[in-house]
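Structural features, examined
Okay, here's what each chain looks like letter by letter:
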Amino acid sequence: MFCPFPRILQDALIDKRAVGAFNVGNMEMLIGIIKAAEDKNTPVILQIAEKRFTHSPLEFIAPMLHAAAMRAKVDVALELDHGCSLFNIRRAMDLNFNTVMYDGSELPIEQNIEQTASIVKEAHKRGVAVEAEIGVVGGAEGGADRMANCASLEDIVSLGKKSGADALAVAIGNAHGHYKGKPQLNFDLLRQAHEALDHLPLVLHGGTGISPEDFKKAIGLGIAKINIATANFDATASAAFTYADTLNGKELSYFDLNEKIIENVYKCTCDHIEIFKV
Ligand code: 13P
């Protein structure tokens, strides 16, 4: 069922679990993620970052995500991940996304608050929710490759309270892509942010590579949504190798490869969903 994003997140906060938000690049990934969510009987968020439109054009992928959300046996929300331009945020809303993330994290705090608040006003009028971001999540999902840099508590609280956003992505030492070493998350900062912002769902980006223990600790401290992209992109790419290994002189078959990708993404998504249930 296509379901409002705030409802999915508030239910997660109440149950003290997190919802997996999985980035999708193609149909096989989508089928694997939906099958995992249905088999685990858990809500899920499907998303695509603006940066990925070169590989997965929005006009093609949006109707597919929407059709999958409408048909799913579990609650599904659709999010534009790391929307950086108003142009693409509006396109996503026109194409049925019911959440948009506005990534104003590169802006000075006052400008981030102002821009986010103005997008919240426009989005809420259209029944669309908004996720905001504060601090620098490392890596390159939002734009240029950046070093992780924790937000200040003061900025987290200001953006959370003044923007009107429905969820807030906080930089606590997390990074997109493959971590260079063991992720060092600032749980103290997360605890203080959660205490100060009370019922505002907090979001953890850069999920790939974080340990089950750290995920569970973060969920206990107010994280209600966890973004996973690289793990499923890796599962998709590695399916090509597994498929090639099984060829053994047999004729090439796209259909065998298609099934291998779905199976890999399904397993990876199930593993994460199990951890996020706490
Ligand atoms: P990973 O690619 O590290 O899983 O991060 C996903 C993410 O945060 C998307 O916004």
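Residues numbered from 1 in each chain as written. Predicted model: local features only at pLDDT ≥ 70, side-chain atom pairs only at ≥ 80, totals over all residues. Heavy atoms only, no water.

1. Remarks on the layout of surface pockets
Worth spelling out the cut-off: Cavity means a closed set of points on a 1 Å grid over the protein atoms alone, one where a 1.4 Å probe fits but cannot get out, pocket means an open set with protein on both sides within 12 Å along at least 5 of 7 lines, and lining means a residue has an atom within 4 Å of a point. Grid points are joined across faces, edges and corners, and a volume is the space filled by probe spheres set on the points. Only runs of H or I of at least four residues qualify as helices and only runs of E of at least two qualify as strands under DSSP, and these elements are numbered from the N terminus. Under the grouping applied here, Gly and all other residues not named as nonpolar or charged are polar, the nonpolar ones being Ala, Val, Leu, Ile, Met, Phe, Trp, Tyr, Cys and Pro and the charged ones Asp, Glu, Lys and Arg.
As a volume, the second largest pocket reaches approximately 200 Å³. Counting only elements with at least two residues in the lining of the second largest pocket, the list comes to α2 (27-39) and α3 (58-71). Element by element, the count of residues in the lining of the second largest pocket is highest for α2, at five residues. Classifying every residue of the lining of the second largest pocket gives seven nonpolar, no polar and two charged.

2. A closer look at the site of the ligand
The following threshold applies: Residues are counted as near a molecule or strand when any one of their heavy atoms sits within 4 Å of it. Identification of polar contacts relies on pairs of N or O atoms within 3.5 Å, with a donor-acceptor requirement for protein atoms, meaning one able to donate a hydrogen and the other able to accept it, and with residues adjacent in sequence counted only if both atoms are side-chain atoms. Residue burial considers only the protein chains on display, and all accessible areas are found by Shrake-Rupley using a 1.4 Å probe. Whether a molecule sits in a cavity or pocket is decided by its atoms, more than half of which must lie within 2 Å of the grid points.
The environment of the ligand is made up of 15 residues, and the closest members are D81, G206, T208, A229 and T230. Separating an oxygen atom of the ligand from a side-chain N or O atom of D81 is a distance of 2.6 Å. Alone, the ligand offers 310 Å² of accessible surface; in the complex the protein occludes 100% of this. Cavity membership is defined here by more than half of the atoms lying within 2 Å of grid points; on that basis the ligand lies in the largest cavity. Going through the elements one at a time, β3 (76-83) and β8 (223-228) are the ones with two or more residues in the shell around the ligand.

3. Notes on the UniProt feature "binding site: Zn(2+) 2" (unreviewed entry) in the protein
The condition is simple: UniProt positions are given in the numbering used here, feature names are shortened, and annotations may be inferred rather than shown by experiment.
Under the UniProt annotation, "binding site: Zn(2+) 2" (unreviewed entry) lies at D103 and E133. In terms of the greatest pairwise C-alpha distance, the residues named above, spread along 31 residues, form a tight cluster of at most 5.5 Å across. Mapped onto the elements of the fold, D103 is located in the loop between β4 (99-102) and α5 (109-125). Side-chain polar atoms of D103 contact the side chain of H82, separated by 2.8 Å. Looking at E133, its side chain comes within polar contact range of the side chain of S105, at 3.4 Å.

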